[in-house]
Amino acid sequence: MRTFLLALLLCASGASAQTTHTVVVRSFTFTPAALTIEAGDTVRWVNEDGAHNVSQLSGPEAFGRPDVGAGWTYEFTFSQIGTSTYQCDPHSGVMQGSITVTSNTSTEEAPDASASLTLASENPFTGSVRLVLTLVQSETVRVAVFDARGREVDVIYEGVAAAGQTDFVWAAGASRPGVYIIRATAPGLALSQGVSLAGKAEAHTGGH
Ligand SMILES: [Cu+2]
């Protein structure tokens, strides 16, 4: 009961607070086996019976308590976003768990705070134009091209883009000269960048 109340208090204490999550090690089981936390949160494994360990199988950062023993408590603060898996080595067939680390809520509330879509080549352009998408966190994005009347004329990319910078190139092909809007959208995110496709005559005009 005390643990339950503590959990409620931690939940109520604010989105940006760092939380400690408890995984109970008992009866050849990690409970909860699959835990989702925010970056900066701590996981505390409490071994309540038997000889076990926490042995990492995969994940973006190293953690674990490799010594097999009884009556221990082990804590680790996760900072890298991603999913880690682990097991208890002596009972690997039945004792497995995972920790999924998401970005903290204060980032999720304003995912586009530092996200941007910027031009990385000359504009107006001929042939193709290059853009750089900068993301705070990995997102499933759709990068598409719209004409001046708002019609979608091309899709540059659909899929996962990693946190940080990703280059995209739009090859205009046979598109008519004019203004186009390139939009990058993801859940909670909408970025756009106007570009201007120069006409062939204009592009190849030398000095007069
Ligand atoms: Cu075990």
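Residues numbered from 1 in each chain as written. Predicted model: local features only at pLDDT ≥ 70, side-chain atom pairs only at ≥ 80, totals over all residues. Heavy atoms only, no water.

**Section: the sheet that holds strand β8 (residues 82-87)**
Hydrogen bonds between backbone atoms are what pair the strands of a sheet, whose relative direction is either parallel or antiparallel.
Then, in step 1: Ordered by their spatial adjacency, five strands build an open sheet running β3-β9-β8-β5-β6, and the pairing between neighbours is mixed. Each having just a single partner strand, β3 (34-38) and β6 (65-69) make up the two edges of the open sheet. The sheet shows a mean angle of 25° between the axes of neighbouring strands, direction not considered.
Then, in step 2: Relative to strand β9 (residues 96-102), β8 runs antiparallel, the two sharing six bridges. When the bridges of β9 are listed, Gln-87 appears paired with Gln-96. (Pairing = 2+ DSSP bridges. Helix = DSSP H or I, 4+ residues; strand = E, 2+ residues; numbered from the N terminus. Axes fitted to C-alpha atoms, helices over the stretch in contact; angles between N-to-C directions.)

**Here we look at the coordination of the copper ion**
Then, in step 1: Only His-52 (ND1), Cys-88 (SG), His-91 (ND1) and Met-95 (SD) from the protein reach the copper ion as donors, at distances of 1.9 to 2.4 Å.
Then, in step 2: Each of the four donor atoms bound to the copper ion contributes to angles spanning 91 to 125°, and the resulting shape is tetrahedral.
Then, in step 3: Sequence spacing of the donors to the copper ion: H-x35-C-x2-H-x3-M.
Then, in step 4: Cys-88 gets classed as buried once you look at its relative accessible area, which sits at 0%. (Donors = N, O, S within 2.8 Å, 3.2 Å for Na, K, Ca; no water. Tetrahedral: all angles 85-135°; square planar, octahedral: opposite > 155°, others 65-115°. Buried < 20%, exposed > 50% of the residue type's maximum accessible area, 1.4 Å probe, protein only.)

**Points about the UniProt feature "binding site: Cu cation" (unreviewed entry) in the protein chain**
Then, in step 1: In the numbering used here, UniProt assigns the "binding site: Cu cation" (unreviewed entry) feature to His-52, Cys-88, His-91 and Met-95. On the basis of their most widely separated C-alpha atoms, the annotated residues across 44 residues gather in one place, lying no more than 9.1 Å apart.
Then, in step 2: Relative to the helices and strands, His-52 resides in strand β5 (residues 52-58).
Then, in step 3: Beyond its immediate sequence surroundings of up to four residues, His-52 is in contact with Val-25, Phe-28, Asn-47, Arg-65, Asp-67, Val-68, Gly-69, Trp-72, Cys-88, His-91 and Met-95.
Then, in step 4: Mapped onto the fold, Cys-88 is located in the loop between β8 and β9.
Then, in step 5: With sequence-adjacent residues up to four places away left out, Cys-88 is seen in contact with Phe-30, His-52, Asn-53 and Met-95. (UniProt positions renumbered as here; feature names shortened; annotations may be inferred. Contact = heavy atoms within 4.5 Å.)

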